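Residue strings, one per chain:
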Amino acid sequence: VYSHGDSYISKDLANKNGIVAYELGAELGLKTGDKIIKINGHDFENFDDVTSPDVFLAKDASYTIDRAGEILVIPIPSNFIERLSEIRSDDGPGYIDIIHRFTVGNIIPGTSADSAGLKIGDRILSINGINTEYFHKMKEVLGALRGQEVNLEVEREGQVIHLSALVSDKGTLGFNAARDIAITTTEYSFMEAIPLGTAKAFNVVFVNMRAFGKIITGQLNFGKTVSGPIGIAKTFGGTWNWLRFWNLVGLLSMILAFMNFLPIPALDGGHVMFLVFEIVTGRKPSDKFLEVSQKVGMFILLTLMVFVIFNDIFKEIF
């Protein structure tokens, strides 16, 4: 927080063109072009708040939207976060995105984008004569032209050039798009960053507590909302990003801290549970009881470990 500040896309800028509603967003009741003006009945500034877990775990969660001048409230089902967890990173975009222009970012060596001669900073104006000024439109056009040779109209350093490329069977050319949209950055002093960073870190714990509560009450499916080593590795991604890496490391550290305080023997939470029992009753549990409870606790932890690993494998296959 201190070194990088808060970088985000503002609500006003995001609502300039509205959102793109992909398949899951459309199921929710959103439409491309909608403008999200409130979250759970409250105003917001940072557009990242729209997709925050806090939104989906709240009671009676909803989006208030402006659809061509008509104000509507779209309710968010209590298990929507479970549906989101089913979207794998290689299945394409999530449920919504901002309608935005883009430029060509990193080009993957050996792909069609590489062989066609695309360069970082290029703008793809059209594909086979179809306007692709906005990123979601380009994805839509490429998806309809899978496996075909296409003509690209590209703007490069103020000049318009024409290139030919082969669209992959996945509907891609082989480059990472860079958002062409203004980012708002808020800087913080060292003294401002300490409480803000602490609050963000502990918010991770509170979010996990709420999610855990929904799992216990049956509102969320345990198998669909947890991830193991494979899921964590996919979250880190295949390319190095310094800020994302350390953000995720911090996130995992707070999650592990929360898990460690669960009242399971063999974890610190289990030791606290026995200490509280001793304080309340005035007597210590027997050594035999502690030994058996530790074995039970280890069995529970090992069972959970095996479950999440095979659960990751199952989600990858199916």
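In case you missed it, the structure is sitting above this.
Residues numbered from 1 in each chain as written. Predicted model: local features only at pLDDT ≥ 70, side-chain atom pairs only at ≥ 80, totals over all residues. Heavy atoms only, no water.

J.: Would you mind showing me how to read the overall build of the protein here?
T.: Secondary structure assignment for the protein yields 12 helices and 13 strands. Based on the C-alpha atoms only, the size of the protein along its principal axes is roughly 80 × 45 × 40 Å. Every one of the 318 residues in the protein was classed for burial, and the buried ones make up 33%. When contacts within the protein are restricted to residue pairs at least 6 apart in sequence, those whose partners lie at least 24 apart make up 62%. Put simply, the protein shows about 18800 Å² of open surface, and 60% of that area lies on carbon and sulfur atoms. Each charge sign in the protein was given a centre, from 29 positive and 36 negative side chains, and these centres are 4 Å apart. (Helix = DSSP H or I, 4+ residues; strand = E, 2+ residues; numbered from the N terminus. Buried < 20%, exposed > 50% of the residue type's maximum accessible area, 1.4 Å probe, protein only. Contact = heavy atoms within 4.5 Å. Areas by Shrake-Rupley, 256 points an atom, 1.4 Å probe, with all protein chains shown as cover. Lys, Arg positive; Asp, Glu negative; His and termini not counted. Charge placed at Lys NZ, Arg CZ, Asp CG, Glu CD.)

J.: Honestly, the packing of aromatic side chains in this entry has me stumped. Any pointers?
T.: Two measures describe an aromatic ring pair: the distance that separates the ring centres and the angle between the ring planes. Counted by the stated rule, this structure contains 5 aromatic pairs. Where Phe-56 meets Phe-80, the ring centres are 5.5 Å apart and the plane angle is 55°; that geometry is what we call tilted. With Phe-56 in helix 3 (residues 53-57) and Phe-80 in helix 4 (residues 80-85), this pair connects stretches of sequence that are 24 residues apart. The exposure classification of Phe-56 matches that of Phe-80, with both residues buried. Between the aromatic rings of Phe-274 and Phe-289, the centroid separation amounts to 5.9 Å while the plane-to-plane angle is 80°, which identifies the pairing as edge-to-face. With Phe-274 in helix 11 (residues 268-281) and Phe-289 in helix 12 (residues 287-317), this pair connects stretches of sequence that are 15 residues apart. Ring pairing ties together the aromatic residues Phe-56, Phe-80 and Tyr-95, which thus form one cluster. When the ring centre of Phe-44 is taken as reference, the NZ or CZ atom of Lys-11 above it lies at 5.3 Å. (Phe/Tyr/Trp six-rings, centres within 6.5 Å; stacked < 30°, edge-to-face > 60°. Lys NZ or Arg CZ within 6 Å of the ring centre and 35° of its normal.)

J.: Looking at this model, I keep getting lost on the packing of helix 7 (residues 190-216) against helix 10 (residues 242-260). Mind explaining?
T.: Each pair of packed helices gets described by two things: the angle between the helix axes and the distance between those axes. Relative orientation of the contacting elements helix 7 and helix 10 amounts to 50°, with a least axis distance of 9 Å. Taken together, the axes of helix 7 and helix 10 are oblique relative to one another. In this structure, helix 7 crosses over helix 10, and the sense of that crossing is right-handed. Contacts from Ala-201, Phe-202, Val-204, Val-205, Asn-208, Met-209 and Phe-212 in helix 7 reach Leu-251, Met-254, Ile-255 and Phe-258 in helix 10. Its residues placed into classes, the contact of helix 7 with helix 10 shows 10 nonpolar, 1 polar and no charged. (Axes fitted to C-alpha atoms, helices over the stretch in contact; angles between N-to-C directions. Parallel < 35°, antiparallel > 145°, perpendicular 65-115°, else oblique. Left-handed = near helix turned anticlockwise from the far one by under 90°. Nonpolar A, V, L, I, M, F, W, Y, C, P; charged D, E, K, R; others polar.)

Such coordinate-based values are descriptive only and should not be taken to indicate function.
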